[in-house]
Amino acid sequence: AITAGYRKIYKELRSSIIEQSIAYLQTERIVDERQLSSTATFRYDRGSHKFNQFIAFMALLLRSERELARQLVDPVGHDYEETFWDIMEGAVEIFVTVGQKVLKVYRTPERAVVLFDIIDHMDQQAETFARELSSATGKLFTNDIIAFTSTVSELTSNTLQRLTRLLEYHTVVERLLPAVSGTAEATTALGAFIVSGLRTLETTVETKARSYPAAKPAQAVIFLLNNYHYILKNIRTTELSH
């Protein structure tokens, strides 16, 4: 195992190598507004966005780097957790920054399909992100708000439950809501109301994530992952998907 005296050198070397590896992904090109179509028709092939590659890369990196730190620093205990986080902190910050840019650029009705695709990819890796990041940060911030980020917000669960209940009385609710013209997102007044509710929930979750300390981006990441995963899972498994 690497002795305490050499851990600083190890952390500096590994973090530098990791950031160089991320540089090869050309993250600055993942979001380039100049490449977006200026025409009314926006075309997108499922799974083709470069941020999906970044998601897969980060999931693999988190798993492998944590295991490497465990083997080299403390094969039988948990002292490697702090070393792992010190190495990965810069990479996580880059990932969060790029993700925020993606959200800003594609958060429009005609481009929202890109975000749905990215959320789907994040959903597939959510368990890895939550496990690896919470494992590291949980050791460092035992009495901090990391305990809260490991759970789904009460507002998220309550909102989805109430929106789902509305579907049980859709006939009555439709009569109470103002009529709307059909759109690609919703063809009924209730559908439009539910879409609006989900958008408001998304905004609220993002606002809550931004309230976490800027110096600890992993906490915000875990909070977003858990809540988005919960939202997507509920939409897929209930009548909300229709």
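Residue numbers run consecutively from 1 along every chain, following the written order of its sequence. In view of the model being predicted, local features appear only for residues whose pLDDT reaches at least 70, and side-chain atom pairs are presented and counted only at 80 or more, with totals across whole chains, interfaces and linings using the full set of residues. Calculation of side-chain values draws on the structure's entire complement of heavy atoms; hydrogens and water are dropped beforehand.

## Here's the deal with helix α6 (residues 154–168)
And step 1. Each helix corresponds to a stretch of at least 4 residues labelled H or I by DSSP, and each strand to a stretch of at least 2 residues labelled E; elements are numbered beginning at the N terminus. Here a helix's expected span is defined as the number of its residues, less one, multiplied by 1.5 Å. The end-to-end C-alpha distance of α6 is 22 Å, a good match for the 21 Å that 15 residues give at a rise of 1.5 Å each.
And step 2. Relative accessibility decides the category of a residue: with a 1.4 Å probe and only protein chains considered, values under 20% of the type maximum give buried, values over 50% give exposed, and everything between is partly exposed. Among all positions of α6, only Thr156, Ser157, Thr159, Leu160 and Leu163 are buried. Down the axis of α6, the sector holding all buried residues measures 165°, keeping them to one side. Facing away from the buried side of α6 by over 90 degrees, the exposed positions are Glu154 and Arg162.
And step 3. At the N-terminal boundary of α6, the capping side chain belongs to Ser153, with an oxygen 3.2 Å from the backbone nitrogen of Leu155. Note that the arc is computed from the directions linking the helix axis to the C-beta atoms. Counted as a polar contact is a pair of N or O atoms within 3.5 Å, where, for protein atoms, one must be capable of donating a hydrogen and the other of accepting one, and residues adjacent in sequence contribute only when both atoms are in side chains.

## Topic: the packing of helix α2 (residues 50–73) against helix α3 (residues 80–106)
And step 1. In this analysis, axes come from line fits to C-alpha atoms, helices being fitted only over the stretch in contact, and the angle between any two N-to-C directions falls in the range 0 to 180 degrees. Two numbers describe how α2 lies on α3: the axes approach to 9 Å, and their chain directions differ by 175°. Regarding the angle of α2 to α3, the classification is roughly antiparallel.
And step 2. Among the residues forming the contact of α2 with α3, the class breakdown is 18 nonpolar, two polar and four charged. When describing relative orientation, an angle under 35 degrees is termed roughly parallel and one over 145 degrees roughly antiparallel, while 65 to 115 degrees is termed roughly perpendicular and anything else oblique. Three classes are used, and their members are as follows: Ala, Val, Leu, Ile, Met, Phe, Trp, Tyr, Cys and Pro are nonpolar, Asp, Glu, Lys and Arg are charged, and the others, Gly among them, are polar.

## Describing the packing of aromatic side chains
And step 1. Two rings from Phe, Tyr or Trp (for Trp, the six-membered ring) form a pair when their centres are within 6.5 Å of each other. A pair whose planes differ by under 30 degrees is stacked, one over 60 is edge-to-face, and the rest are tilted. Taken as a whole and judged by the stated rule, the model has four aromatic pairs.
And step 2. Pairing Phe51 with Phe54 gives two aromatic rings, centres 5.9 Å apart and planes at 90°, and the pair type is edge-to-face. Linking Phe51 with Phe54, this pair stays in helix α2, spanning three residues, or about one helical turn. Of the two residues, Phe51 and Phe54, both sit in the buried class.
And step 3. Between Phe51 and Phe95, the aromatic rings sit 5.3 Å apart at their centres with planes inclined by 20°, giving stacked as the arrangement. Residue Phe51 is located in helix α2, and its partner Phe95 is located in helix α3; the two are separated by 44 residues in the primary sequence. Phe95 carries the same exposure label as Phe51, and that label is buried.

## Here's the deal with α2
And step 1. Its 24 residues place the ends of α2 34 Å apart at the C-alpha level, agreeing with the 34 Å of an ideal helix rising 1.5 Å per residue.
And step 2. Every buried residue of α2 is accounted for by Phe51, Asn52, Phe54, Ile55, Met58, Ala59, Leu61, Leu62, Glu65, Arg66, Ala69 and Val73.

## Observations regarding the packing of helix α1 (residues 4–24) against α3
And step 1. At a minimum axis distance of 9 Å, the contact between α1 and α3 shows a crossing angle of 25°. Comparing their axes, α3 and α1 come out roughly parallel. α3 is crossed by α1, and the crossing has right-handed handedness. Residues Arg7, Tyr10, Lys11, Arg14, Ser15, Ile18, Glu19 and Ile22 of α1 lie in contact with α3, whose contacting residues are Thr83, Asp86, Ile87, Met88, Gly90, Ala91 and Ile94.
And step 2. Tallied by class, the residues present in the contact of α1 with α3 amount to seven nonpolar, three polar and five charged. We call a crossing left-handed when the near helix sits turned anticlockwise from the far one by less than a right angle, and right-handed when that turn is clockwise. Note on contacts: a residue pair is in contact if any heavy atoms of the two residues lie within 4.5 Å.

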